[in-house]
Amino acid sequence: MASKGKKSVNGSDSKFFTTNRKGENHELREELRSPQRDRKRDAVKKVIANMTVGKDVSTLFTDVINCIQTDNLELKKLVYLYLINYAKTQPDLALLAVNTFVKDANDPNPLIRALAIRTMGCIRVEKITEYLCEPLSRCLKDDDPYVRKTAAVCVAKLYDISPELVEDRGFIDTLRDLISDSNPTVVANAVSALSEIAENSKKDVMMVTANVLQKLLAALNECTEWGQVFILDSLSQYSPTDAREAEGIIERVSPRLQHANSAVVMSAVKVILRYLDDVTNQEVVRSITKKLAPPLVTLLNSEPEIQYVALRNINLIVLKRPRILEHEIKVFFCKYNDPIYVKMEKLEIIIRLASERNVDQVLLELKEYATEVDVDFVRRAVRAIGRCAIKLEKATERCINVLLDLIKTKVSYVVQEAVVVIKDIFRKYPNKYESIIATLCENLEDLDEPDAKASMVWIIGEYAERIDNADELLESFLESFQEETAVVQLQLLTATVKLFLKQPDTTQEMVQKVLNLATEHSDNPDLRDRGYVYWRLLSSDPEAARAVVLSQKPEIGDDTFTIEPLLLDELMQQIATLASIYHKPPEAFVMKTVHVAGGGEDEEGGEA
């Protein structure tokens, strides 16, 4: 019987989430005032359960606060949790708990001292901050490391509410002193707090000197994995005095590359890449570069979500230092069961790593991808073949042969994407591969997408003198001129004018018809304007028209997904953060909340 009774008291807390009666707050108030400890604790649990599911239990604030005077750690935690949630809406009543906080911060139990200081830090009410300073100052120098590490984080929270107070009370200097603490977890939390303060204030509060650097490197071997991430991130902000110091730091950080936690590995990679710029000995650079490849490859054996994050970071690394993974292209070949977002990212890296040495392997792989079932992936694969052709001139003919094989499959979306890609190849290498135009013309009937049609029309206009029936081919497109999209109409207009300039005797009627359609029967201002420009050029100065329309085109390059050098350097500093996944600087997507007088909040910053 005794065991049965015990089970009913200590059973699952899920029962507190099942009640939904009217007048419940009144009953809870009675229970909260009960002298029985167990009944009072269960009442607080019910209050927390109601608060968790979104019910308003703020009317019970005073009654819950009265339960704070207890030596029961579980009950105290529950009351503190309630207090954190409602202190913002009831700041005056929250002041009633201040004396308890101050008393708990002197409790003999380090868990209670830490709980008190953590809760005071989480209550973001400016009126309470002045009462927080004394307990916080004591807890930062507490004998117990658990209390010290909690207090260190509390300083960063207090800085967010009142920066002047933190600076005036010398808490930042105390945090710097904690970097020399004997406990590595305290060191890690002090580094984390200083980093957060530095980010918010835009000041160098860390002040990493050679002495501090050695302490951070020493703590790195002993603290938890997340502590290692904080320390590594702070090391990436340090500027070494010379190449020898940079090599020394890289040597100390390199063992982190074998860590089981992928966040530690990526932070270590960031630090090493940061210091690699300061290493002058090319032999040492090559040696370090070889060490970076295996951990990055190992990350690709993780779950798809971690793979994706790793791939986005690897994409940046390959842009900055392609030699790190130049021999590892095979690990980026897509597996049949990879999610589409992983496949797309791998495809991007394959193109970046493609070289004349491995292009045959790459083309075989891309050709295989072009027969997959996912249409978007197939299109991206076909586009990738074209990008390889533009990137590697010596491999262009092989790329074109693969594209022609794909066109022979007669799969509509493959053919259309191939036409768009071949147009880009013609732009990059004019007057070299026109022999394949006949094959393209055989597939005109399969073209129904605007981009494919516009590309085919451009090819016909650009190489009209080499196509015997160019006028007939363009005529077939002109029959549906008014139903076409703007991009196709603009290409048809330009292609017809090109054809007229090359064959004026046989196409005068056609050009007249197109100019009429563009200028008199179109609502598109771009099309009308271009039509009038061509009309005036042709009627007033045909030679000027020839010089404008048939001028030498600038050579194109593969700028798909390229990143500006300055932005790339900034993103390399942000490896292993959200910025490296979005490929945007933090200010482009971080919404910053600023605390203003009166406890309110203002929002500033970029898009959410």
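Residues numbered from 1 in each chain as written. Predicted model: local features only at pLDDT ≥ 70, side-chain atom pairs only at ≥ 80, totals over all residues. Heavy atoms only, no water.

Visitor: Before we move on, can you summarise the overall build of the protein chain with the specific residues and values?
Guide: Within the protein chain one finds 33 helices and two strands. For the protein chain, whose C-alpha radius of gyration is 34 Å, the value lies well above the compact-globule estimate of 25 Å for 608 residues. Here the C-alpha coordinates of the protein chain stretch approximately 105 × 70 × 55 Å along the principal axes. Expressed as a percentage of the 608 residues in the protein chain, the buried residues total 49%. In the protein chain, the share of contacts with a sequence separation of at least 24, taken over all contacts with a separation of at least 6, comes to 64%. About 29,900 Å² of surface is accessible on the protein chain, with carbon and sulfur atoms providing 49% of the total. Distance between charge centres in the protein chain, computed from 77 positive and 95 negative side chains, equals 7 Å. (Helix = DSSP H or I, 4+ residues; strand = E, 2+ residues; numbered from the N terminus. Rg over C-alpha atoms; globule rule 2.2 N^0.38 Å. Buried < 20%, exposed > 50% of the residue type's maximum accessible area, 1.4 Å probe, protein only. Contact = heavy atoms within 4.5 Å. Areas by Shrake-Rupley, 256 points an atom, 1.4 Å probe, with all protein chains shown as cover. Lys, Arg positive; Asp, Glu negative; His and termini not counted. Charge placed at Lys NZ, Arg CZ, Asp CG, Glu CD.)

Visitor: So, the packing of helix α12 (residues 171-178) against helix α13 (residues 184-201): which residues are in play, and what are the values?
Guide: It is the contact of α12 with α13, at a shortest axis distance of 8 Å, that shows an interaxial angle of 140 degrees. Taken together, α12 and α13 sit at an angle that is classed as oblique. At the point where α12 passes α13, the crossing takes the left-handed sense. For the pair α12 and α13, the contacting residues are Ile172, Leu175, Arg176 and Leu178 in the first and Val186, Val187, Ala190, Ala193, Leu194 and Ile197 in the second. (Axes fitted to C-alpha atoms, helices over the stretch in contact; angles between N-to-C directions. Parallel < 35°, antiparallel > 145°, perpendicular 65-115°, else oblique. Left-handed = near helix turned anticlockwise from the far one by under 90°.)

Visitor: Just give me the short version of the packing of helix α21 (residues 359-369) against helix α22 (residues 375-391), but keep the residues and values in it.
Guide: It is at 8 Å that the axes of α21 and α22 come closest, and there the two elements cross at 155 degrees. One way to sum up the angle between α21 and α22 is to call them roughly antiparallel. For α21 against α22, the interelement crossing comes out left-handed. Contact residues: Val362, Leu363, Leu366 and Tyr369 in α21; Phe377, Val378, Ala381, Ala384, Ile385 and Cys388 in α22.

Visitor: Explain the side chain of Arg352 residue by residue, including any values.
Guide: For Arg352, the location among the structural elements is in helix α20 (residues 340-353). In terms of polar contacts, Arg352 uses its side chain to reach the side chain of Asn315, at 2.6 Å. (Polar contact = N/O pair within 3.5 Å; in protein donor to acceptor, adjacent residues only side chain to side chain.)

Visitor: So what's going on with the state of the cysteines? Which residues, and what values?
Guide: The tally for this structure, following the rule as stated, stands at zero disulfides. Here Cys399 stays unpaired: no disulfide links it, and the sulfur of Cys388, its closest cysteine neighbor, is 5.5 Å away. (Disulfide = S-S within 2.5 Å.)

Visitor: Break down the confidence of the model for the protein chain for me, citing the residues and quoting the values.
Guide: Chain-level pLDDT for the protein chain is 84 on average; 93% of the residues reach the 70-or-more range. The low-confidence segment residues 1-11, where pLDDT is below 50, has two contacts with residues more than four positions distant or belonging to other chains. Segment residues 595-608 is flagged for pLDDT under 50; beyond a separation of four residues in sequence, or across chains, it makes 32 contacts in the model. (pLDDT = per-residue confidence, 0-100.)

Visitor: Provide a residue-level description of the nonpolar core, including the pertinent values.
Guide: In a soluble, globular protein the nonpolar side chains are often hidden away together inside. One finds Tyr82, Leu136, Leu235, Val253, Leu325 and Phe426 to be the most contacted residues of the largest nonpolar core, which totals 202 residues. Among the elements that make up this core, the one with the highest residue count is helix α17 (residues 262-276) (10 residues). Contact partners of Leu235, with chain neighbours within four places excluded, come to Leu213, Leu216, Leu217, Val253, Val271 and Tyr275. (Core = buried A, V, L, I, M, F, W, Y, C linked by side-chain atoms within 4.5 Å.)

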